[in-house]
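What follows is the residue order along each chain.
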Amino acid sequence: MRRVGRWIDKHLWTLPFFAFLLTGASLVAIHYFYAKEFFLAAVETENRKEIYSSLTGSSSGLLGFALAAVAIMAAFGRRPTSSQEDRSRENRLADARVGISKILLATSIFLMAILVTATVGIGIDDGKVGSFPITTIIVASSASSLMGLLVSGAGLTLSLMERSRST
């Protein structure tokens, strides 16, 4: 178990993918065991389209934020240092920035999935009962995006605290 924990610690960017798979599998299980529509699929057509429209705006805004954060972190370089301890700290901070960027890029994939799926949903999901695949993709991608944003936000916060402590 400790080995799995170390692997996840070194590959934090996989957490949004695991969240997507777990959420998607849970939604499929709920759908087949209860055979009832839920979440977006249970909402009336007009309201569902409004939700899709809102999701496109929200996901595109968060996608822009995530990609801007990656670009900003890519611009940060190592500061010149004089001691070996300071060089080691700068190397750890650089590694942390790369890890955070990976998580944000993985999160961006799911934000893009929400954006595209909601856009498609506006055009084709006009039945009395909503589309289960569209609901599943949007809800699972939302859980993944939330996971990615929380983990990257925590990592960024810790990285900034470490950087401010070292100045």
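What you are looking at is a predicted structure, and each value in this text was computed from that prediction instead of being measured.

**Q** Can you walk me through the overall build of the protein chain in this structure?
**A** If you tally the helices and strands in the protein chain, you get five helices and zero strands. For the protein chain, the α and β elements follow one another from N to C terminus as α-α-α-α-α. Across its three principal directions, the C-alpha atoms of the protein chain cover 70 × 35 × 20 Å. When each of the 167 residues of the protein chain is scored for burial, the buried share is 34%.

**Q** Looking at this structure, how should I read the pattern of salt bridges?
**A** In a structure, side chains of opposite charge can pair up when their charged atoms sit close to one another. Within this structure, the stated rule accounts for two salt bridges. Between R48 and D125 there is a salt bridge, with its nearest N and O atoms 3.3 Å apart. A residue pair is termed long-range when its members are at least 10 positions apart, and R48 in helix 3 (residues 45–75) and D125 in the loop between helix 4 (84–124) and helix 5 (132–165) qualify at 77 residues. Comparing R48 with D125 shows no difference in burial state: the two are buried.

**Q** So what exactly am I meant to see when it comes to the packing of aromatic side chains here?
**A** Given two aromatic rings, their pairing is described by the distance between the two centres and the angle made by the two planes. In this structure the tally under the stated criterion is five aromatic pairs. Here the aromatic rings of F38 and F39 are separated by 5.3 Å at their centres, their planes lie at 70°, and the arrangement is edge-to-face. What makes F38 buried here is its relative accessible area of 16%. Feature note: the residues W13, F17, F20 and F110 constitute an aromatic cluster, connected by ring pairs.

**Q** Sorry, what's going on with the nonpolar core here?
**A** Side chains of a nonpolar character, in soluble globular proteins, are inclined to be buried together. Counting residues in hydrophobic clusters, the biggest one holds nine residues: L63, A66, A69, V70, M73, I100, L104, L111 and I114. Mapped by element, the contributors of at least two residues to this core are helix 3 and helix 4. Not counting residues up to four positions away in its chain, the partners in contact with L104 are A66, A69, V70, M73, L149 and S152. Listed in part, the five residues of the second largest apolar core include L40, Y52, A118 and I134.

**Q** Quick question: what am I supposed to make of helix 5 here?
**A** Side chains of residues three or four places apart in an α-helix project in the same direction, reflecting 3.6 residues per turn. Given a rise of 1.5 Å per residue, 34 residues ought to cover 50 Å, and the 49 Å separating the end C-alpha atoms of helix 5 matches this to within 8%. Taking the backbone nitrogen of I134 as reference, a side-chain oxygen 3.4 Å away marks S131 as the first, capping residue of helix 5.

**Q** Teacher, can you tell me more about the confidence of the model for the protein chain here?
**A** It should be kept in mind that the predicted coordinates are not to be read in detail where pLDDT is low. Residues of the protein chain with pLDDT of at least 70 account for 99%, and the chain-wide mean is 89. Taken element by element, the predicted model of the protein chain shows its lowest mean pLDDT in helix 1 (residues 2–10) (83) and its highest in helix 2 (residues 15–34) (94).

Reading the values: rules and limits
Residues numbered from 1 in each chain as written. Predicted model: local features only at pLDDT ≥ 70, side-chain atom pairs only at ≥ 80, totals over all residues. Heavy atoms only, no water. Helix = DSSP H or I, 4+ residues; strand = E, 2+ residues; numbered from the N terminus. Buried < 20%, exposed > 50% of the residue type's maximum accessible area, 1.4 Å probe, protein only. Salt bridge = Lys/Arg side-chain N within 4 Å of Asp/Glu carboxyl O. Phe/Tyr/Trp six-rings, centres within 6.5 Å; stacked < 30°, edge-to-face > 60°. Core = buried A, V, L, I, M, F, W, Y, C linked by side-chain atoms within 4.5 Å. Contact = heavy atoms within 4.5 Å. Expected span 1.5 Å × (residues − 1). Polar contact = N/O pair within 3.5 Å; in protein donor to acceptor, adjacent residues only side chain to side chain. pLDDT = per-residue confidence, 0-100.

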